There are 2 protein chains.
Amino acid sequence: MQKNIYAELISIGDEILYGQTLDTNSHWISGELDKLGIRVKRKVTVADTESVILEAIAEAEVNADIILITGGLGPTKDDLTKPCLAKYFNSEMYVDQQVLAELKERFARRGRELNALNSGQAELPKKCKVVHNKYGTAPGMWFEKDEKILVSMPGVPSEMKYMMEDTVLPELKKRFSTPVLIHQMVKTVGIPESILAEKLEDWENSLPGEIKLAYLPGLNQVKLRLTASGEDKVHLQQLLEAEVNKLYKQVGKYIYGTDEGNLAQKVGALLKKHGLTIACAESCTGGHLSQLLTANSGSSEYYRGSIVPYHNELKINLLGVKSETIEQNGAVSEATVIEMAEKVRKLFGADIGVATSGIAGPTGGTEEKPVGTVWVALADEHETQTKLFNFSFDRESNIDIAANSVLNLVRKKLSSK
Amino acid sequence: MQKNIYAELISIGDEILYGQTLDTNSHWISGELDKLGIRVKRKVTVADTESVILEAIAEAEVNADIILITGGLGPTKDDLTKPCLAKYFNSEMYVDQQVLAELKERFARRGRELNALNSGQAELPKKCKVVHNKYGTAPGMWFEKDEKILVSMPGVPSEMKYMMEDTVLPELKKRFSTPVLIHQMVKTVGIPESILAEKLEDWENSLPGEIKLAYLPGLNQVKLRLTASGEDKVHLQQLLEAEVNKLYKQVGKYIYGTDEGNLAQKVGALLKKHGLTIACAESCTGGHLSQLLTANSGSSEYYRGSIVPYHNELKINLLGVKSETIEQNGAVSEATVIEMAEKVRKLFGADIGVATSGIAGPTGGTEEKPVGTVWVALADEHETQTKLFNFSFDRESNIDIAANSVLNLVRKKLSSK
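Residues numbered from 1 in each chain as written. Chains lettered and ligands numbered in written order. Predicted model: local features only at pLDDT ≥ 70, side-chain atom pairs only at ≥ 80, totals over all residues. Heavy atoms only, no water.

Chain A has the name CinA-like protein in an unreviewed UniProt entry, where Marivirga aurantiaca is given as its organism. UniProt lists a comment for chain A under the heading Sequence similarities (unreviewed entry), and it reads "Belongs to the CinA family." (UniProt positions renumbered as here; feature names shortened; annotations may be inferred.)

Quick look at the structure:
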């Protein structure tokens, strides 16, 4: 039985703690280590302060086999990672002639000369191996102590990624033989987490010991993550496949995918598969539905276009909704949204027309039609379907969930074909 | 002299450690605490495992005055934060009748009944105060022990933000008197960071000691953050005002705001101020421009509507662009985008018409018109302006920067009125 290999990630930088920089580095590193079967046990972000950096490294050394540090390697005074590591490993400094030569060449290419701050980048602790930095001036540092590995990399994402891909990941892969770890996502839409969990309780309780389940809830989507770990990759893949099949049998109508794509991409793929086109009449979603569809490269194959007639007279004059319909039922009504979907389908020459009309909030609600009331419709050559929702989120979320609810209508329509 | 108040943030969730979910919560919380003068000392992300959660809380209690925890409050078995906190604070559980009533009401509104998993959300440790959750089913928990505060919130960003804004931040502001810390944002658009920094070098070097400067670069926007700290609020405000005035004198034409609003909100406010309305014809931006404008509550006052004519025959038949224009110049051309802006203005009865046409990529580029080529236009009753861009980002970023470039055209037009 192989033992688990644990990593701890340390991000260093005041700008992360002050909320000025979003730390995407540790997110990316986590995903890459996960692919190797190395488990990230903890992530820590600390300030550019010697004492807390040293404390974080000492704590990590207790917890983890591999410690990956990002940040604090710049040339200026507030960057402390290198002196801290020299102190921690009790190492003298030296000037690395190869790094210095590369720095000189890098500056010469830009017609500049090295200043003292820059040439200081070639000064390194004797106890580390240099990790090459193709995209920047700060070399990475690889330390080893009592079978533990510590690597320090710059915080600039492109530099860090280069070092990880060029040096760190290949080296870790060589060193550690990790247990096999396979993740399988099963993405559902249109069913609340608690109801899904209730439906799946028996299935969850009968999962084989190699598989762990996690619910990852979003706005109107719940992702199920199955993680299989063990020794035998083929066996684990078979186990996962069997469980995914059981899920399809039990809650298949809510499942929209088992891979990377989002709901809009799934809908795009379904439209393409059936050779169909779509057009949108958006009122309350204000362009967001169109944006989701056109975010996919190649969407012009199935996306015809949209109209956002925010005002009633535009719904009437441009889209062709009858004025009586709006007068008698209001703009947020089943009758109006039906006409919107049917008219946009014809006007844009699409196979499928979809429409939204609702009150996204926070203002505009009434007792009869409170904020969150959304009518959506889908029209094709045979029929027009509608659905009424009552969302209870903030404006941004109401708009997002409304747009995704339309996409789910399309998905269900096309999945049953 | 007031003492510094320290916070530690703990994010709980395997999905963050596995690189499946990017932790944006702790980034947002950091920024909000910073505005109150509360310093985030450390951020930690740990797994959904009892022992490491308890360890993280115990460590945080040593380091910080305030501990804010996100995640692990869902209704399913893998959510462990609540039982961990009950154990940590050695607290019995009870059913909170008010939370239960709210849950029932929330479900009744959607025509559903509570199941056992949902009603379990009303079960809470006796030693906590309930933090109200408007947008979800998991209540937050506020604990106090030896003058330290610990608050547990859900990981869903909209729910966490609501609790922070409604309860946590106002309460922390009342409790703690921190040194005066004033942030002043100065937001620029359309000038690269390095050029801006060069123009501002002398100004930066002459900043008074109370003021610290940070460059926060975005896609085509650079935010300057001035942070004044000291004892005397009025004095600091005067210092900041003087520096902002200097900035306006030096780089005023790039500055679009000094407050919270984004560029679309700024444009909305300008349209409202001048009593003008806008309509959009979007090709390459595919609805994103409309989405940015309609994300603002109350946008119907100035936003008329949009058309997304993704295909050339729709640009001709629906929008009214002359077929010769497209035949002779192509859809991505100055002549086409001019007609698009002028036609959408008339068709939607708006004061201002804007249009985009370009190649967002990654496919569709040619030697003459590579990926990233974007034409934008702005038409009003007097004239039509155009601008050509050559962006070099991925599809999503090209679309976003194109939409924001149109907004910047409108801003400049209206700012000079």
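A. Focus on the overall build of chain A. Counting secondary structure elements, chain A contains 16 helices and 17 strands. Here chain A has a C-alpha radius of gyration of 28 Å; the compact-globule value for 417 residues is 22 Å, and the former is much larger. Judged by the C-alpha coordinates and their principal axes, chain A covers about 85 × 55 × 40 Å. When each of the 417 residues of chain A is scored for burial, the buried share is 57%. The contacts of chain A with a sequence gap of at least 6 include a subset with a gap of at least 24, amounting to 67%. Surface exposure of chain A reaches about 18000 Å², of which carbon and sulfur atoms provide 48%. In chain A, which carries 49 positive and 56 negative side-chain charges, the distance between the mean positions of the two groups comes to 4 Å. (Helix = DSSP H or I, 4+ residues; strand = E, 2+ residues; numbered from the N terminus. Rg over C-alpha atoms; globule rule 2.2 N^0.38 Å. Buried < 20%, exposed > 50% of the residue type's maximum accessible area, 1.4 Å probe, protein only. Contact = heavy atoms within 4.5 Å. Areas by Shrake-Rupley, 256 points an atom, 1.4 Å probe, with all protein chains shown as cover. Lys, Arg positive; Asp, Glu negative; His and termini not counted. Charge placed at Lys NZ, Arg CZ, Asp CG, Glu CD.)

B. Structural detail: the interface of chain B and chain A. The interface is formed by 77 residues belonging to chain B together with 77 residues belonging to chain A. Summed over both partners, the interface of chain B with chain A buries about 6200 Å², with 52% contributed by carbon and sulfur atoms. Where chain B meets chain A, there are five salt bridges. When residues of the side of chain B that touches chain A are assigned to their parent elements, the largest contribution, eight residues, is made by strand S2 (residues 39-46) of chain B. When the residues that make up the side of chain B that touches chain A are grouped by side-chain class, the tally is 26 nonpolar, 29 polar and 22 charged. In the sheet, strand S2 (residues 39-46) of chain A pairs with S2(B) via five bridges, with the strands oriented antiparallel. By the bridge assignment, Val44(A) is partnered in S2(B) with Val44(B). (Buried area = accessible area lost by both parts, 1.4 Å probe. Salt bridge = Lys/Arg side-chain N within 4 Å of Asp/Glu carboxyl O. Nonpolar A, V, L, I, M, F, W, Y, C, P; charged D, E, K, R; others polar. Pairing = 2+ DSSP bridges.)

C. The arrangement of the packing of aromatic side chains in detail. All names here are of chain A. Scanning all chains against the criterion turns up nine aromatic pairs over all chains. Note on Phe 389 and Phe 391: the rings are 5.1 Å apart at their centroids and 15 degrees apart in plane angle, and the pair reads as stacked. Neither Phe 389 nor Phe 391 differs from the other in exposure class; each is buried. Cluster of aromatic residues (ring-pair linked, three or more members): Tyr 88, Phe 89 and Phe 143. For the cation-ring pair, Lys 41 lies above Tyr 6, with the distance from its terminal atom to the ring centre recorded as 5.0 Å. (Phe/Tyr/Trp six-rings, centres within 6.5 Å; stacked < 30°, edge-to-face > 60°. Lys NZ or Arg CZ within 6 Å of the ring centre and 35° of its normal.)

D. A look at the nonpolar core. Core analysis: the biggest nonpolar cluster contains 105 residues, and Leu33(A), Leu68(A), Leu172(A), Leu33(B), Leu68(B) and Leu172(B) have the highest contact counts within it. Excluding anything up to four places from it in sequence, Leu172(B) contacts Leu33(B), Leu36(B), Ile38(B), Ile66(B), Trp142(B) and Ile149(B). Counting 40 residues, the second largest nonpolar core, distinct from the first, contains Leu319(A), Phe348(A), Ala377(A) and Ala379(B). (Core = buried A, V, L, I, M, F, W, Y, C linked by side-chain atoms within 4.5 Å.)

E. Just the pattern of salt bridges, in detail. Residues and elements named next belong to chain A. If you walk through the whole model with that rule in mind, you get 34 salt bridges over all chains. Residue Glu 8 pairs with Arg 42 through a salt bridge whose shortest N-O separation is 3.2 Å. One end of the pair, Glu 8, is in strand S1 (residues 6-12); the other, Arg 42, is in strand S2, and 34 residues separate them in sequence. By relative accessible area, which is 0% here, Glu 8 ends up buried.

F. Local environment of helix H11 (residues 263-274) of chain B. Residues and elements named next belong to chain B. Taking 1.5 Å per residue as the helical rise, H11 with its 12 residues ought to reach 16 Å, and the 17 Å between its terminal C-alpha atoms agrees with that figure. Those residues of H11 not exposed but buried are Leu 263, Ala 264, Val 267, Gly 268, Leu 270 and Leu 271. All buried residues of H11 fall inside an arc of 165 degrees around its axis, so they share one side. Of the residues in H11, the exposed ones pointing more than 90 degrees away from the buried face are Lys 272 and Lys 273. Two or three places before Ala 264, at the start of H11, stands the capping residue Asn 262, its side-chain oxygen 3.1 Å from that residue's backbone nitrogen. (Expected span 1.5 Å × (residues − 1). Arc of directions from axis to C-beta. Polar contact = N/O pair within 3.5 Å; in protein donor to acceptor, adjacent residues only side chain to side chain.)

G. Structural detail: unusual backbone geometry. A cis amide bond links Gly361(A) with the next residue in sequence, Pro362(A), at an omega value of -5 degrees. Phi angles above zero are rare outside glycine, and Asp146(B) is one such case at about 50 degrees. Summarising the element assignment, Asp146(B) is placed in the loop between strand S7 (140-145) and strand S8 (148-153).

H. Layout of the sheet that holds strand S17 (residues 384-390) of chain B. Spatial ordering of the open sheet is given by S17(A)-S16(A)-S15(A)-S13(A)-S14(A)-S14(B)-S13(B)-S15(B)-S16(B)-S17(B), a layout of 10 strands whose pairing is mixed. Looking at the sheet topology across the chains shown, the edges are occupied by strand S17 (384-390) of chain A together with S17 of chain B. With direction set aside, neighbouring strand axes in the sheet form an average angle of 15 degrees. Together, strand S13 (278-282) and strand S14 (303-309) of chain A together with strand S14 (303-309) of chain B form the strand contacts of helix H13 (residues 312-319) of chain A, whose direction differs from that of S14(A) by roughly 140 degrees. (Axes fitted to C-alpha atoms, helices over the stretch in contact; angles between N-to-C directions.)

I. Representation of a negative patch on the surface. Residues and elements named next belong to chain B. A grouping of Glu 198, Glu 201, Asp 202 and Glu 204 is seen on the molecular surface, where their side chains present a negatively charged patch. Residue contributions to the negative patch peak at three residues, all from helix H9 (residues 201-205). Its place among the elements puts Glu 198 in helix H8 (residues 193-199). (Patch = residues over 30% accessible without salt bridge, like charges linked within 9 Å, V, L, I, M, F, W, Y side chains within 5 Å.)

J. Geometry of the sheet that holds strand S10 (residues 211-217) of chain A. Residue and element names in this part refer to chain A. The strand order across the open sheet formed by four strands is S10-S11-S9-S12, and the pairing between neighbours is antiparallel. Lying at the two open borders of the sheet, with one neighbouring strand each, are S10 and strand S12 (255-257). Here the average twist between neighbouring strands, direction ignored, is 30 degrees. Here strand S9 (residues 180-189) pairs with S12 via two bridges, running antiparallel. Following the sheet pairing, Thr 188 is matched in S12 by Ile 255. Lying over the sheet, helix H10 (residues 233-251) contacts S9, S10, strand S11 (221-230) and S12, oriented at roughly 15 degrees with respect to S9.

K. Quick peek at the state of the cysteines. Residues and elements named next belong to chain A. Taken as a whole and judged by the stated rule, the model has zero disulfides over all chains. The closest cysteine sulfur to the non-disulfide-bonded Cys 128 is located on Cys 84, 14 Å from its own sulfur. In this structure Cys 128 comes out as buried when scored by relative accessible area, which is 8%. For Cys 280, which is in no disulfide, the shortest distance to another cysteine sulfur is to Cys 284 and amounts to 12 Å. (Disulfide = S-S within 2.5 Å.)

L. Here's a closer look at the domain arrangement of chain A. All names here are of chain A. If you check the domain split of chain A, you get domain 1 (6-175), domain 2 (180-257) and domain 3 (263-415). The straight-line distance from the C-alpha centre of domain 2 to that of domain 3 is 31 Å. Across the boundary between the two partners, domain 2 contributes 10 residues, which contact 10 residues of domain 3. Each partner contributes to the roughly 770 Å² buried at the junction of domain 2 and domain 3, and carbon and sulfur atoms together form 59% of this total. By the criterion of area lost to domain 3, the three top residues of domain 2 are Leu 219, Asn 220 and Tyr 256, representing 64% of everything that side buries. Here domain 2 is connected to domain 3 by zero salt bridges. The interface formed by domain 2 and domain 3 contains two residue pairs in polar contact (both at pLDDT 80 or more). At three residues, the largest contribution of residues to the side of domain 2 that touches domain 3 is made by S12. In terms of residue class, the side of domain 2 that touches domain 3 is made up of five nonpolar, four polar and one charged. (Domains from an automatic or database assignment.)

M. Spotlight on the packing of helix H2 (residues 25-35) of chain A against helix H7 (residues 157-175) of chain A. Residue and element names in this part refer to chain A. With their axes 11 Å apart at the nearest point, H2 and H7 run at an angle of 20 degrees to one another. As far as their axial angle goes, H7 and H2 are roughly parallel. Note on packing geometry: the crossing formed by H2 with H7 is right-handed. Between H2, through Asn 25, Trp 28, Ile 29, Glu 32 and Leu 33, and H7, the contact on the second element is made entirely by Pro 157, Met 160, Lys 161, Met 164, Glu 165, Leu 169 and Leu 172. (Parallel < 35°, antiparallel > 145°, perpendicular 65-115°, else oblique. Left-handed = near helix turned anticlockwise from the far one by under 90°.)

N. Local environment of helix H4 (residues 81-88) of chain A. Within H4(A), the full set of buried residues consists of Thr81(A), Lys82(A), Cys84(A), Leu85(A) and Ala86(A). Within two residues after H4(A), Asn90(A) carries a phi angle of roughly 50 degrees, on the positive side.

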